[in-house]
Amino acid sequence: MEDSSTYDNIQGLTNFILNIFFRSIEVGGLENIPTERGGLLVAWHPNGMIDPALILGRFPYTLVFAARHGLFQWPGLGSMMRSIGAVPMYRKRDLLHMPPTVREQKNQESLDSMSMAISAGRFSAIFPEGVSHDSSFVRDLKLGAARVYYRSRMFSADGVPPVIIPVGLHYDKKHAFGSNVLVVFHPPISLPKELDITPPDDEQDEDKYAREVALTEHIEKVLTEVVLSTESWDLHFLFFRASKLIHAERAMRAGRLPSSPTMKEQVLGMARIWTGYQHRNQTHEPELQVLRTDLSLYISHLDSMGIEDHQLDLEPDWLTFRIILQLAAHVCLLVFVLPPFLVLGYIINYPTAFILNQLAESLSERGKDIASVKTFGGVVLFPLTWLRWSLLSSWGYTQNVLDQMSSNHWAAFFLSFIFCVFSGLIVLNYTRFFRRTFLAIRLRFTKVSRSTQLARMRKQRSLLYDQIIGLSQGLELPEMDDFR
């Protein structure tokens, strides 16, 4: 029996963890999720446990989970998973000690349990690639999603078929702490007539297999477009970075105030660039290679100057008293106030961070899983570290400092714990704060001392903009509504 309060608590904890790890999490396409039927959420799987956590945390309804059957035997964990309606998944490769017929039966029972939940109006998330990977493109899909979909249609009593909703997971810096992410729930996949059917009970195995293969290929084609697959991560992030150029140049030409784009705006820009690139790559390969080289040089020049595309058009008034006072306050914080907290933060948190790093490297089957293990392991280990230091601090306070005020033991414990958390935040954010302050100062002097260089970069940005926009002339391009 599902316990909605337990599910809500798990979802809340997941969102808490994600909000610590990511600087921002944007969500689009919630209106594409139907309320009158259930369905499958299908997504690619490039970032380990982070991918399902994002879908769990941001999906507005209850999801049916499929978990390896062995996990249900764990004390505590098994009962918790049952309380939220999780379905035990018997994978054939986990049942090699059983006869083939038994393995097949157990696997079919798992698929049927999930399919019946979907036919009853629920949703389940599936990663049809089967395993997480570190490729910039969609890997070969397994048949599991197609099998669950057609079984769900067969179990549906009212004849209303479930939907298949592709989910786009977009990271601006895939493995980095403090990056940005966009989760997009796209419109349900439109199936061709020959795939949009409910299979009969007596269907031949050959016909069933052929249809499952065809649906899997169709899902793979849609996912490839949804996640903007590229041949390499270098090209992927070049497109992503070029979207900032497009945003800044378009704002300048429209006379709008320059600003850093949101993740939705960046992914939309990348989708348009990706669409043009896919259509022109076969016919204009030499020109595209030159464009990629010029774009890389432009980006490297901007990085060397320590500014971004939209900052080329800013006109900061660096002589105002308010700006000078604000920057001076930032410098004082960086030089005099925060360093003691930074040092103590490293003393308190570094041993735990070192242990967590070693555990992540030893427990992760693949290198790309390290970030996931660190994220979820840190939620346990760092609070335990802060708790230990708080207990030691409060004990020392009541025993050695003010014995006559031992009633303040819990106050000392609470203040110590807050200090540990604050010092950890300083460790995580000091470098970012330093960089932002440095860039704010540098930008103001850059405008004065490098006006010629900045003018050249603005001209280069304009030329690149025209070339990139030219790629998509005459093509039907994605619109912002696709990512809302």
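Just above, that's the structure.
Our subject in this report is the structure included herewith. Remember, it's a predicted structure, so these values are computed and weren't measured experimentally.

**What to know about the packing of aromatic side chains**
Part 1 of the argument: The tally for this structure, following the rule as stated, stands at 14 aromatic pairs.
Part 2 of the argument: Considering the side-chain rings of F239 and Y277, the 4.9 Å spacing of their centres and the 65° angle between planes classify their relative orientation as edge-to-face. Highlighted residues: F239 in helix α7 (residues 233–253) and Y277 in helix α8 (residues 263–280), separated in sequence by 38 residues. Side by side, F239 and Y277 carry an identical accessibility label, which is buried.
Part 3 of the argument: Taken together through their ring pairs, the aromatic side chains of F59, Y61, F123 and F185 make up a single cluster.
Part 4 of the argument: Its guanidinium or amino end placed over the ring of Y150, R211 lies 5.9 Å from that ring's centre, counting from NZ or CZ.

**Re empty space enclosed by the protein**
Part 1 of the argument: Applying the stated criterion across every chain yields a total of three cavities of 30 Å³ or more.
Part 2 of the argument: Volume-wise, the largest cavity comes out at about 80 Å³.
Part 3 of the argument: Looking at the largest cavity, the residues that line it are L238, F239, A242, I273, Y277, L288, L291, R292, L295, I468 and L471.
Part 4 of the argument: The set of elements that each furnish at least two residues to the lining of the largest cavity consists of α7, α8, α9 (285–305) and α13 (451–471).

**Section: the pattern of salt bridges**
Part 1 of the argument: Across all of its chains, the model carries eleven salt bridges by this definition.
Part 2 of the argument: Taking the shortest distance from any N to any O, the salt bridge between E308 and K244 comes out at 3.5 Å. Here K244 lies in helix α7 and E308 lies in the loop between α9 and α10 (321–363), a separation of 64 residues in the sequence.
Part 3 of the argument: The salt bridge involving E249 is made with R461; its shortest N-O contact spans 2.7 Å.

**Quick word on a nonpolar patch on the surface**
Part 1 of the argument: Taken together, the side chains of L13, F16, I20, F177, L425 and L428 define a hydrophobic patch exposed on the protein surface, amounting to about 560 Å² of accessible area.
Part 2 of the argument: When residues of the nonpolar patch are traced back to their parent elements, those giving at least two are α1 (4–21) and α12 (409–449).
Part 3 of the argument: Tallying contributions element by element places α1 first for the nonpolar patch, with three residues.
Part 4 of the argument: With respect to the helices and strands, the residue F177 is situated in the loop between β7 (163–171) and β8 (180–185).

Rules behind the numbers
Residues numbered from 1 in each chain as written. Predicted model: local features only at pLDDT ≥ 70, side-chain atom pairs only at ≥ 80, totals over all residues. Heavy atoms only, no water. Phe/Tyr/Trp six-rings, centres within 6.5 Å; stacked < 30°, edge-to-face > 60°. Helix = DSSP H or I, 4+ residues; strand = E, 2+ residues; numbered from the N terminus. Buried < 20%, exposed > 50% of the residue type's maximum accessible area, 1.4 Å probe, protein only. Lys NZ or Arg CZ within 6 Å of the ring centre and 35° of its normal. 1 Å grid on protein atoms, 1.4 Å probe; cavity = no way out; pocket = protein on both sides within 12 Å on 5 of 7 lines; lining within 4 Å. Points joined across faces, edges and corners; volume = space filled by probe spheres on them. Salt bridge = Lys/Arg side-chain N within 4 Å of Asp/Glu carboxyl O. Patch = residues over 30% accessible without salt bridge, like charges linked within 9 Å, V, L, I, M, F, W, Y side chains within 5 Å. Areas by Shrake-Rupley, 256 points an atom, 1.4 Å probe, with all protein chains shown as cover.

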